[in-house]
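Spelled out, the chains give:
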There are 2 protein chains.
Amino acid sequence: MEIIKPSILPGFMELLPKEQLVFNQIKDTIRNTFEENSFENIETPIIEKTEILLAKGGGETTKQIYNIDHDSRDMSLRFDLTVPLARYVSEHYHELEFPFRRYHIGKVYRGERNQKGRYKEFYQCDIDIVGNNSLNIRNDAEVPAVMYQVFKKLNVANAVININNRKLLNGFLNSLEIANYIEVLRVIDKIDKVDSNKFREMLKVEIPSEDKLDKLIEFISFNGSNEEIITYLDRLEVSDELFILGLKELKEVYNYMILFGIDEEALKINLSITRGLDYYTGMVFETFLTGYESIGSVCSGGRYEDLASNFTKQKLPGIGMSIGLTRLFYQLSQAGLINIESENYCDVLIVPMKKTNKFSMEILEELRDNKIKAQIYFEKAKFKKIFNYADKQQIKFVIVAGEEEYEEKKFSLKNMKTGEQNVIDLKDAINLIKNY
Amino acid sequence: MEIIKPSILPGFMELLPKEQLVFNQIKDTIRNTFEENSFENIETPIIEKTEILLAKGGGETTKQIYNIDHDSRDMSLRFDLTVPLARYVSEHYHELEFPFRRYHIGKVYRGERNQKGRYKEFYQCDIDIVGNNSLNIRNDAEVPAVMYQVFKKLNVANAVININNRKLLNGFLNSLEIANYIEVLRVIDKIDKVDSNKFREMLKVEIPSEDKLDKLIEFISFNGSNEEIITYLDRLEVSDELFILGLKELKEVYNYMILFGIDEEALKINLSITRGLDYYTGMVFETFLTGYESIGSVCSGGRYEDLASNFTKQKLPGIGMSIGLTRLFYQLSQAGLINIESENYCDVLIVPMKKTNKFSMEILEELRDNKIKAQIYFEKAKFKKIFNYADKQQIKFVIVAGEEEYEEKKFSLKNMKTGEQNVIDLKDAINLIKNY
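Residues numbered from 1 in each chain as written. Chains lettered and ligands numbered in written order. Predicted model: local features only at pLDDT ≥ 70, side-chain atom pairs only at ≥ 80, totals over all residues. Heavy atoms only, no water.

(A) Quick look at the overall build of chain A. Scanning chain A from terminus to terminus reveals 16 helices and 16 strands. Scaling as 2.2 N^0.38, a compact globule of 436 residues should have a C-alpha radius of gyration of about 22 Å, whereas chain A reaches 28 Å, well beyond that. Each of the 436 residues in chain A was classed as buried or not, and the buried ones make up 58%. Taking the intrachain contacts of chain A between residues at least 6 apart in sequence as the baseline, contacts between residues at least 24 apart amount to 67%. Surface summary for chain A: the accessible area is close to 19300 Å², and the carbon and sulfur share equals 46%. Averaging the locations of the 58 positively and 68 negatively charged side chains of chain A gives two centres separated by 5 Å. (Helix = DSSP H or I, 4+ residues; strand = E, 2+ residues; numbered from the N terminus. Rg over C-alpha atoms; globule rule 2.2 N^0.38 Å. Buried < 20%, exposed > 50% of the residue type's maximum accessible area, 1.4 Å probe, protein only. Contact = heavy atoms within 4.5 Å. Areas by Shrake-Rupley, 256 points an atom, 1.4 Å probe, with all protein chains shown as cover. Lys, Arg positive; Asp, Glu negative; His and termini not counted. Charge placed at Lys NZ, Arg CZ, Asp CG, Glu CD.)

Encoded structure:
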């Protein structure tokens, strides 16, 4: 038979079982946190009508979307979980209660060019709270507080949530009478990607006035404690209404975030954060891991005015944040923040002899009843091979159900780490294993 | 803005949050059972190279496969989890330990024609034990025993595992000197789909001899207790070696299944089960729910001689079974075996007043610390609307943090089911809620 070389496509992540176990633990932590905070789960098809996915009209997305070639329907793989949420809420509007608190953990697809650490198939873990016509601003504090709980529990590094309000920057541009703010925002979005001279140069193309340029750069670069930034913003005395509203929202959300249990040190007002150009309209968030800022934001999101204007006339404002889990896992691994050695699928390997098959199965059943993960090694093999298997699989104990000890309902129990070996009965073995 | 009608493609399942919760519970039960039995998890990309997926050569599969139209690569969505397992084990052969016990729960895609209860995107939940060169037959008893645990825990209906051995039927055909057994097996596979006259007629096309036809039909239709079937098989005194081996395997696996904790009543030898034509070579399994046999098999599988002959020269025999979760969920719902009313995402809704915002957040934190799922209703709304929301969401208790009671650090707690209402402090409320 002709052999086809077994391999996956480039740009896809595939893990070995032990890595998968750690990946699953992170995913479970995220899911459990979402559920503990009373978010409802939805799961939408990975394939949707292309017209739904591209309703907003395309740009980059159109090029990256995976189109499916099957019968005559125009269908594609989703590239995020937000468009499916918009479609879901519009479609099931009358079956849902608002505010609709939903979480969704699922794979999305983007045919980007190959690049280290960028995956074409990746998990997003999203929470959103969607209101019907209006949504109280306190939700803008709760959503990042839930994400904060996630990173606290993951316990890999301190997470710092950077917050800003889009109205502040827009209002400030108004006050400077800068009208081409889409172009200006596009440049500001690159502030972390170019050096300060280059940044000024790029911005000058859009803002010829040196005075306005100075003021804007001072504004978005202003750094200090949260208190100092608030004082700075107050003292600017900008009279633009949007700015005033943005400042009020920022203060309010900041205070509520503290009340929701976020440490003050984990909270940073950052006036340069914009999160793209069009979608977000109020609070915006990015999350950085202390000491690993170069990874970039590991959890981002913000407030939007209207989720689903392409699918319904109903106004559905919301606030959402998202973790890109696949990329996060890759980055945490690269940074040495993930320890796969500590985990395993099985704690006890049982080796039966000819006469002790039945006894071995009784041992197995009893161990499992006691919540101890165990398996029987059924294959014919030399002890060396079996112990090598246990070692590779990081199994903690090996039970050899020898025929002699069996008369007394005993067996040999070996601690694989210490090498200690006891002839022992089941009750004592369970105690020993459980208390290890 | 132009409105696009929000809808999903036909043949895809999408659930409301409460249904999703039940779906997740079933999925979690399956996953937990697999993990308790020391199966290792893998997760492969949903998109694979088409040449990998179709390595075996196509038939129906080629027509049903979802091809992806993106750059010049020939890639498609997987249509099962077995081909990806074969590719995975071959690709990572040197990084895995054997026997390799793997579970995989994931979505697969088949562009079948639209049909009620058939989905184009559906979950498969697979376990397989793959050996290196050889695999002990006791594994053939363990795999169905794990699946039996799943159905025991799901507790929707009694599951009966039907077992057979492919060698028996093949050996019996040998003994009758029936050579065209592929054609004959193809007919036998339809035994449950046509009436007995039609079945005989179809079989007669392949087997002209009335005598042989009678013998074969008696064989595959033989019914009785397991003991009676074993006695029948023994008394046939077929001398074909394959038959003798098949009978030995069947008896052995049957006995081990009992030792693995399967109730005798949940085990049925069924000589008509073949499970397709080419893949399985030994034990085969199908699972039926008592009283709901018309649903068909809810969990099937068997022993195969060689998992990955398309991808490696290494001989990898294995035993696997699979649950089609999406279809199972649909069928259980249709049969009225699923109760979505008993589940909810949130147990306590907290309603703050102007002055009790901070107090409400303290209540929230304390409830969550006590593992009680709670949320705050932040929106401005009349009580009627709020209680209606709680009712619709099946929230058990509503806390109204009134401004008067707040002086004494108390609040009103309403039991939504009984209507009972108490002014109570946090400690007593937690006791009351936890003991409800």
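(B) Structural detail: the nonpolar core. Counting residues in hydrophobic clusters, the biggest one holds 107 residues, and the most contacted among them are Leu367(A), Phe34(B), Ile163(B), Leu203(B), Leu216(B), Phe219(B) and Leu233(B). At nine residues, the largest contribution of residues to this core is made by helix 5 (residues 139–154) of chain B. Every residue in contact with Leu367(A), bar those within four places of it in the chain, is listed here: Val348(A), Ile350(A), Ile372(A), Ala374(A), Ile399(A), Ile430(A) and Ile433(A). Formed by 106 residues, the second largest nonpolar core is a distinct cluster that contains Leu15(A), Ala141(A), Ile217(A) and Ile399(B). (Core = buried A, V, L, I, M, F, W, Y, C linked by side-chain atoms within 4.5 Å.)

(C) Spotlight on the interface of chain B and chain A. Between chain B and chain A, the residue contacts involve 98 residues of the former and 98 residues of the latter. Across the interface of chain B and chain A, roughly 9100 Å² is buried in total on both sides, 55% from carbon and sulfur atoms. Here Lys107(B) ties to Glu43(A) by a salt bridge, and the two come within 3.4 Å at their closest N and O atoms. Our enumeration of links across chain B and chain A arrives at 48 residue pairs in polar contact (both at pLDDT 80 or more). Among the elements that take part in the side of chain B that touches chain A, helix 1 (residues 17–36) of chain B stands out by supplying seven residues, more than any other. Here the residues of the side of chain B that touches chain A sort into 45 nonpolar, 23 polar and 30 charged. (Buried area = accessible area lost by both parts, 1.4 Å probe. Salt bridge = Lys/Arg side-chain N within 4 Å of Asp/Glu carboxyl O. Polar contact = N/O pair within 3.5 Å; in protein donor to acceptor, adjacent residues only side chain to side chain. Nonpolar A, V, L, I, M, F, W, Y, C, P; charged D, E, K, R; others polar.)

(D) Spatial organisation of the pairing of strand 14 (residues 397–401) of chain A. Residues and elements named next belong to chain A. Of all five residues in strand 14, five are buried, a share of seventy percent or more. Of the two faces of strand 14, the one holding Phe397, Ile399 and Ala401 and the one holding Val398 and Val400 are both buried throughout. Inspection of the sheet shows strand 12 (residues 348–352) paired to strand 14 by five bridges, in the parallel sense. Of the residues in strand 14, the one forming a bridge with Ile350 is Ile399. (Pairing = 2+ DSSP bridges.)

(E) Spatial organisation of unusual backbone geometry. All names here are of chain A. Here Phe98 and Pro99 are connected by a cis peptide whose omega angle stands at 0°. Mapped onto the fold, Pro99 is located in the loop between helix 4 (82–91) and strand 5 (100–109). The phi dihedral of Ser38 is positive, around 60°, even though this residue is not glycine. A relative accessible area of 2% places Ser38 in the buried class.

(F) Geometry of empty space enclosed by the protein. Taken as a whole and judged by the stated rule, the model has nine cavities of 30 Å³ or more. Forming the walls of the largest cavity are 30 residues, and the residues nearest its centre are Lys27(A), Tyr123(A), Lys27(B), Ile105(B) and Tyr123(B). When residues of the lining of the largest cavity are traced back to their parent elements, those giving at least two are helix 1 (17–36) and strand 5 of chain A together with helix 1 and strand 5 (100–109) of chain B. The class makeup of the residues in the lining of the largest cavity is ten nonpolar, eight polar and twelve charged. (1 Å grid on protein atoms, 1.4 Å probe; cavity = no way out; pocket = protein on both sides within 12 Å on 5 of 7 lines; lining within 4 Å. Points joined across faces, edges and corners; volume = space filled by probe spheres on them.)

(G) Broad picture of the relation of the copies chain B and chain A. Superposing chain B onto chain A takes a rotation of 180° combined with a translation of 0.0 Å along the rotation axis, leaving an RMSD of 0.0 Å. Given the turn and translation reported, the copies of this chain are related as if by a two-fold rotation axis. Measuring from the rotation axis to each C-alpha of chain B, the shortest distance belongs to Ile68(B), at 2.3 Å. Comparing interface residues between copies, 100% of those in chain B also sit at the interface in chain A, which points to an isologous, same-surface contact. (Least-squares fit on C-alpha atoms with pLDDT ≥ 70 in both.)

(H) Quick peek at helix 10 (residues 226–236) of chain A. Residues and elements named next belong to chain A. Turning to helix 10, its buried residues number three or more, namely Asn226, Ile229, Ile230, Tyr232 and Leu233. Each buried residue of helix 10 lies within a common arc of 160° when the element is viewed along its axis, so the set occupies one face. Turned more than 90 degrees away from the buried face of helix 10, the exposed residues are Glu227 and Arg235. Against the buried residues of helix 10 lie helix 6 (166–175), helix 9 (210–221), helix 11 (241–259) and strand 8 (267–269). Looking one or two residues beyond helix 10, the residue adopting positive phi is Glu237, at roughly 50°. (Arc of directions from axis to C-beta.)

(I) Local environment of the pattern of salt bridges. Evaluation of the coordinates by the stated rule reveals 51 salt bridges over all chains. The partner of Glu112(B) in a salt bridge is Arg118(B), and the shortest N-O contact between them spans 3.3 Å. Residue class for Glu112(B) comes out buried when judged on its relative accessible area of 17%. Salt bridges sharing common partners tie together Glu14(A), Glu48(B), Arg87(B) and Glu91(B).

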